[in-house]
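Notes for the structure review
Next come the chains, spelled out residue by residue.
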Amino acid sequence: MNLVEMLELANQEKEKIVKERADRQIKIRRAQENVTDAFRNVFDALSRAGISTAPTSIGSKSAQIDVYKVPLNLSIKYVYDAIERDPDLDLVEFVKDMVHKSYRSNIGLKNEA
């Protein structure tokens, strides 16, 4: 393989990496746009089930909900950080898990590892 071919391959590899990074950033941005909807989906389900009767709040930094009259304050940044690590994250399942672990912690129960 001559120098020109090696440089062309290196350039193709660089272009592939740049495209993969751009695609990943698009996935992250799209997932982050759905964070509020994921919280709303979970909170609405808890409300329909009668588990949460107090008003809920979803802000830019945190989301609040009362679960069986136990107030939970859930970090939006924690969800964004998780999306950065895994852009394909199932947001609704992640929020459900956050609610569950936060509730267990707030009532004095340990969370499994």
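Read on for a plain summary of the structure. (Residues numbered from 1 in each chain as written. Predicted model: local features only at pLDDT ≥ 70, side-chain atom pairs only at ≥ 80, totals over all residues. Heavy atoms only, no water.)

**Overview of the side chain of S102**
Cut-off, in case you're wondering: Counting from the N terminus, the helices are the DSSP runs of H or I reaching at least four residues and the strands are the DSSP runs of E reaching at least two. Any two residues having at least one pair of non-hydrogen atoms within 4.5 Å are treated as being in contact.
Checked against the element boundaries, S102 lands in helix α4 (residues 91–106). Here S102 is in contact with L72 and L74, once residues within four sequence places are set aside.

**Some points on the packing of aromatic side chains**
Short version of the rule: The pairing test for Phe, Tyr and Trp rings, Trp by its six-membered ring, is centres within 6.5 Å, and the orientation test on the planes gives stacked under 30 degrees, edge-to-face over 60, and tilted for anything in between. Here's how the labels work: a residue is buried when its accessible area is under 20% of the maximum for its type, exposed when over 50%, partly exposed in between, all with a 1.4 Å probe on protein chains only.
This structure, assessed with the given rule, holds 3 aromatic pairs. Relative to F43, the ring of F39 has its centre 5.7 Å away and its plane inclined at 70°; by these criteria the two rings are edge-to-face. Pair noted here: F39 and F43 are both in helix α2 (residues 35–48), with a separation of 4 residues, about one helical turn. On the basis of relative accessibility, which here comes to 1%, the residue F43 falls in the buried class. Pairing Y68 with Y103 gives two aromatic rings, centres 6.1 Å apart and planes at 55°, and the pair type is tilted. Residue Y68 is found in the loop between β2 (62–67) and β3 (70–75), and its partner Y103 is found in helix α4; the two are separated by 35 residues along the sequence.

**Some remarks on the packing of helix α1 (residues 3–33) against helix α3 (residues 76–85)**
For the record, the criterion: Each axis is a line fitted through C-alpha atoms, and for a helix only the stretch in contact is used; angles between axes span 0 to 180 degrees, taken between their N-to-C directions. Working rule for angles: under 35 degrees goes down as roughly parallel, over 145 as roughly antiparallel, 65 to 115 as roughly perpendicular, anything else as oblique. Two helices cross in a left-handed way if the nearer one is turned anticlockwise from the farther one by less than a right angle. They cross in a right-handed way if the turn is clockwise. Note on residue classes: Ala, Val, Leu, Ile, Met, Phe, Trp, Tyr, Cys and Pro are nonpolar, Asp, Glu, Lys and Arg are charged, and everything else, Gly too, is polar.
Where α1 meets α3, the closest approach of the two axes is 9 Å, and the angle between their N-to-C directions is 155°. If you check the angle between α1 and α3, you find them roughly antiparallel. Once α1 is placed against α3, the crossing between them reads as right-handed. Two secondary-structure elements touch here, α1 through R24, I28, A31 and Q32 and α3 through Y80, I83, E84 and R85. Residue classes in the contact of α1 with α3 are distributed as 4 nonpolar, 1 polar and 3 charged.

**What about the environment of G59?**
With respect to the helices, strands and loops of the structure, G59 is situated in the loop between β1 (57–58) and β2. On the accessibility criterion, G59 (32% relative accessible area) is partly exposed.

**Some points on the pairing of β3**
Going by this rule: A pair of strands is treated as paired once DSSP finds two or more bridges between them.
Residues of β3 alternate between two faces, with V70, L72 and L74 buried on one and P71, N73 and S75 left unburied on the opposite face. Here 6 bridges tie β2 to β3, and the two strands are oriented antiparallel to one another. Counted as the bridge partner of V67 is V70 from β3. Counting the residues in the hairpin turn of β2 and β3 gives 2 residues, including Y68, whose phi is positive at 50°.

**Focus on α2**
Formally: For a helix, the expected span equals 1.5 Å multiplied by the number of residues minus one. An arc is given here, and it is the one of the directions from the helix axis to the C-beta atoms.
With 14 residues, α2 extends 20 Å from end C-alpha to end C-alpha; this agrees with the ideal 20 Å at 1.5 Å per step. Within α2, the full set of buried residues consists of V35, A38, F39, V42, F43 and L46. Down the axis of α2, the buried set is contained in an arc of 125°. They therefore lie on one face. Seen from the open side of α2, the exposed residues pointing more than 90 degrees away from its buried face are D37 and R48. Phi turns positive one or two residues past the end of α2, at G50, with a value near 80°.

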